[in-house]
Amino acid sequence: MSTIGLIAVDLTVALLCAAAWLGAGITAATGRGGTAKALTAGAVAVTLARVVVVVLLAGRGWWFVQDKVTFALPLLGLAAVVAVGVLVSRGASAATVPLLAAGFTATSGLLLPFFSGYPMRVDQALISISLIGAATLAAWRVTSPAPVRVGRFVAAVAAVGLAGAALGLLPAQQVDAGEQHHHHAVGAQVATAPAPGGQVRRFELAARRASVTLASGTRTEAWTYNGSAPGPEITATEGDLLEVTLTNVDIDSGVTLHWHGYDVPNSEDGAPGLTQDAVMPGGRYVYRFLANQVGTYWYHTHQASAEGVRKGLFGTLIVTPRAATPSADVDLTLPVHTFDGIVALGSHDGVTQKAVPQGTPVRLRVINTDSNPHRISLAGTAFRVVAVDGNDLHEPGEVSGVALRLAAGGRYDFAFSMPAFSMPGSGGGVALLVDDDPVRGALRLGDGAPTGTSPDTSAWPELDLLSYGSPLDAQSAPFGPGSRFDRDFTMVLDRGLAMVDGKPMYAHTVNGLGHPNVPTQRVREGDLVRFTVVNRGLDTHPWHLHGHRVLVLSKDGRNVSGSPLWLDTFDVRPGEFWRVALRANNRGVWMNHCHNLGHADQGMALHLSYDG
Amino acid sequence: MNQAMRRIYVVLVGLLLASGGLQFYFAAVGAFTKPQTEDSFALHTLNGRMVFPILAILATIAAALAKAPGKLIGLTILPLGLGIVQVLIIVLGNVIGGATEQRTTPLALAILGLHAVNGMIILGVIGNVMRQARTHLTAAATAR
């Protein structure tokens with residue numbers, strides 16, 4: 001069973017457990033002793049079942065069970081022993097309050113994972129105990145036939161709760177003593193000239209509000225670069241120097257340009273508050289960097305990014321190799337974006353038709369500019385996934401009848417030769433579908449004649465990129481799962497109550513904390529750095545580190561068996577844990593965050609910083 | 001004093017009933033919003049996660065202060081517990097049913113549909129609480 005499946009079973013058993021103990025308490029309170037005894041027996045059985053499930057879950061990783069093993073289950077065990085003891089020795093009626101207390105303890109165990117993360121903290125334990133105590137006292141007061149004096153107990157419960165609250169409000173510890181990062185990142189030198197043979201490519205991007213018309217005629221109020229969404233296509237040849245001047249006309253919250261997946265010098269990274277100040281209306285910022293990575297990339301604002309990118313502040317960045325021969329005659333860049341709920345490829349919602357002669361080499365560059373993953377399927381042809389996140393794969397094999405899940409922010413380059421005849425089931429020609437939808441945000445390549453019925457790709461299996469392509473021989477790999485790592489960071493992703501930018505909220509958390517309280521990760525230049533990213537929650541988290549690409553080592557403990565997979569964004573689904581690594585070679589202070597930009601705004605972000 | 005508290009209790013239960021009823025209205029608003037976005041159910045989410053739980057807790061405190069019978073106090077907190085079940089139905093339905101961000105499954109939908117059934121149960125419970133709270137109020141009035 002998958003880890004998330006086990007988590008679901010655990011939640012279900014926890015729900016039954018709470019219901020059984022509470023039911024036993026309620027029936028005892030209302031004088032139905034027989035039923036209370038039967039429910040207690042059931043509650044004990046379910047509690048033991050929960051122990052078994054937690055033991056199974058522990059096999060998937062300590063991160064998934066730490067709160068249960070160290071707190072929730074021992075406390076429930078204690079409450080259960082007391083309740084059963086009183087029930088056996090003094091009867092159901094006398095056991096009312098202990099049974100209800102066990103019910104409250106079980107309820108807290110059910111709710112705890114939704115509020116606290118990994119590692120569970122002492123303040124959270126104290127507050128839980130205080131709440132269980134308060135509920136128990138209230139139940140005692142309400143169910144007791146004679147008046148009870150609960151005063152000193154109330155004081156004790158309140159003291160425990162206050163102690164917990166006080167501990168929780170203490171400032172979070174910053175690794176390496178509360179250093180402050182300002183805008184003086186000591187990054188790599190910014191290039192001032194192109195590489196030999198390259199040229200300077202200048203672009204001017206003005207951020208402004210505009211009404212954008214999609215291909216179907218639907219108008220949408222967008223935030224744009226130069227009045228269009230997506231913004232202008234930025235293209236370069238390997239070795240060129242890109243010089244992009246950003247100005248802001250009327251985006252009141254400010255804008256920047258972040259070069260997603262491009263390992264630019266720190267000062268060019270576009271992270272507001274970290275590498276530059278946001279460009280406010282009337283302001284400007286010039287970005288310069290060498291186009292030294294070939295492939296499919298994109299740019300977007302990083303200021304209030306969830307809203308800004310959603311409204312249209314993004315565009316594509318394509319860098320082609322210097323070697324003159326183009327690899328494909330038809331080379332299409334297809335940024336997937338959802339405008340007000342309408343899925344589009346670029347600005348094309350609906351079906352885009354294009355005539356492509358048979359035998360033509362085709363390259364499709366699909367970019368997910370949304371905050372959620374998309375399922376991409378290519379019907380009507382066998383194809384190769386030649387690059388992921390701009391990085392070429394090693395010996396990618398030909399596949400067909402499979403779909404790929406594209407992480408938020410991620411890119412796939414597909415290559416194929418336009419087939420000589422239509423494959424059965426494709427509806428004629430080649431179709432690229434987003435989320436298996438044949439009519440919204442779809443691309444159809446054919447011989448020019450109207451294409452027929454739409455292919456149904458919804459039952460296609462998902463291609464596992466971890467076993468796609470072939471590995472490099474051991475000497476060629478720069479490092480791997482067996483390497484000795486200088487730094488080893490663990491990030492456990494979850495939801496919970498946490499402070500985010502000084503305000504308490506139901507946050508998306510890293511190790512139980514929200515931005516900017518998540519300790520900064522410190523590395524030295526030259527370090528081999530390993531990250532373990534665990535998703536303990538119920539939402540998908542596309543993880544994105546600025547300034548570096550990471551080599552995937554393993555997922556859920558299974559090593560990559562196919563082509564080396566260099567990614568800048570990897571989708572950590574609920575219950576998964578990924579191990580990835582990098583060589584620290586780009587000095588500065590970098591954002592390390594969830595690329596579901598709403599999650600990042602709600603706390604799921606931290607910094608990685610170079611010493612010295 | 002007690003009479004006033006009992007009246008406040010009835011009023012709070014009335015607000016809880018209204019909040020519960022509005023959930024159905026907001027659900028329909030969300031279901032018919034086009035295009036569907038994450039914001040379509042914003043009113044339903046806000047009312048369900050914030051307003052309703054707070055009203056349920058306030059009503060329960062009022063029940064205790066109004067010296068309602070223990071059984072009625074317990075019944076007043078029940079909608080909160082069932083509200084938690086509402087969230088768990090969605091979480092567990094998606095996970096057990098194997099639904100993804102893009103696509104639900106028949107099994108997931110079979111479980112997710114219970115969200116409406118449990119919603120009706122919640123309304124029924126609040127209706128029951130309302131009846132008993134009013135009886136509690138009338139009892140105080142006649143006892144005077």
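Residues numbered from 1 in each chain as written. Chains lettered and ligands numbered in written order. Predicted model: local features only at pLDDT ≥ 70, side-chain atom pairs only at ≥ 80, totals over all residues. Heavy atoms only, no water.

1. Some words on the packing of helix H4 (residues 96-115) of chain A against helix H5 (residues 122-143) of chain A
Residue and element names in this part refer to chain A. Axis separation between H4 and H5 bottoms out at 9 Å; the angle between their running directions is 145°. The element H4 and its partner H5 pack so that their crossing is right-handed. Together, Thr96, Val97, Leu100, Ala101, Phe104, Thr105, Ser108, Leu112 and Phe115 of H4 and Gln124, Ser128, Ile132, Ala135, Thr136, Ala139, Trp140 and Thr143 of H5 make up the contact between the two elements. Partitioned by chemical class, the residues of the contact of H4 with H5 number 10 nonpolar, 7 polar and no charged. (Axes fitted to C-alpha atoms, helices over the stretch in contact; angles between N-to-C directions. Helix = DSSP H or I, 4+ residues; strand = E, 2+ residues; numbered from the N terminus. Left-handed = near helix turned anticlockwise from the far one by under 90°. Contact = heavy atoms within 4.5 Å. Nonpolar A, V, L, I, M, F, W, Y, C, P; charged D, E, K, R; others polar.)

2. Some thoughts on the sheet that holds strand E19 (residues 442-446) of chain A
Residues and elements named next belong to chain A. Judged by pairing direction, the sheet is mixed, and its 5 strands sit side by side in the order E11-E19-E18-E13-E16 without closing on themselves. For this open sheet the edge positions go to strand E11 (351-355) and strand E16 (403-406), each flanked by a neighbour on one side alone. Direction aside, neighbouring strands of the sheet carry axes that sit 15° apart on average. Relative to strand E18 (residues 430-434), strand E13 (residues 374-379) is paired through 4 bridges, and the arrangement is antiparallel. Bridging from a neighbouring strand, Ala379 pairs with Ala431 of E18. (Pairing = 2+ DSSP bridges.)

3. Some details on the pattern of salt bridges
Residue and element names in this part refer to chain A. By the definition in use, this model includes 29 salt bridges over all chains. In this structure, Glu462 and Arg573 form a salt bridge, with 2.5 Å as the shortest nitrogen-oxygen distance. Taken together, the residues span a long stretch of sequence, with Glu462 in the loop between E19 and strand E20 (487-500) and Arg573 in the loop between strand E28 (569-572) and strand E29 (577-583) at a distance of 111 residues. Of the residues examined, Glu462 reaches a relative accessible area of 38% and is grouped as partly exposed. Looking at Arg573, the relative accessible area reads 22%, which means it is partly exposed. Residue Asp488 is joined to Arg530 by a salt bridge in which the shortest nitrogen-to-oxygen separation is 2.9 Å. One end of the pair, Asp488, is in strand E20; the other, Arg530, is in strand E23 (residues 528-535), with 42 residues separating them in the sequence. It is possible to trace a salt-bridge network through shared partners that takes in Asp67, Lys68, Asp494 and Arg536. (Salt bridge = Lys/Arg side-chain N within 4 Å of Asp/Glu carboxyl O. Buried < 20%, exposed > 50% of the residue type's maximum accessible area, 1.4 Å probe, protein only.)

4. So, the sheet that holds strand E9 (residues 330-339) of chain A
Residue and element names in this part refer to chain A. Taking strand neighbours across the sheet as the criterion, the 6 strands line up as E10-E9-E12-E17-E14-E15 in an open arrangement whose pairing is mixed. Of all strands in the sheet, those with a lone pairing partner are strand E10 (342-345) and strand E15 (391-392), marking the two edges. As judged from the 7 bridges shared by E9 and strand E12 (residues 361-368), these two strands associate in the parallel manner. Its bridge partner being in E12, Val336 is matched across the sheet by Asn368.

5. Side note on a nonpolar patch on the surface
All names here are of chain B. Side chains of Leu46, Met50, Val51, Ile54, Ile57, Leu58, Ile61, Leu65 and Ile77 sit close together on the surface and give an oily, nonpolar patch of about 780 Å² of accessible area. For the nonpolar patch, the element with the most residues is helix H2 (residues 42-65), which contributes 8 residues. One can find Met50 in helix H2. (Patch = residues over 30% accessible without salt bridge, like charges linked within 9 Å, V, L, I, M, F, W, Y side chains within 5 Å. Areas by Shrake-Rupley, 256 points an atom, 1.4 Å probe, with all protein chains shown as cover.)

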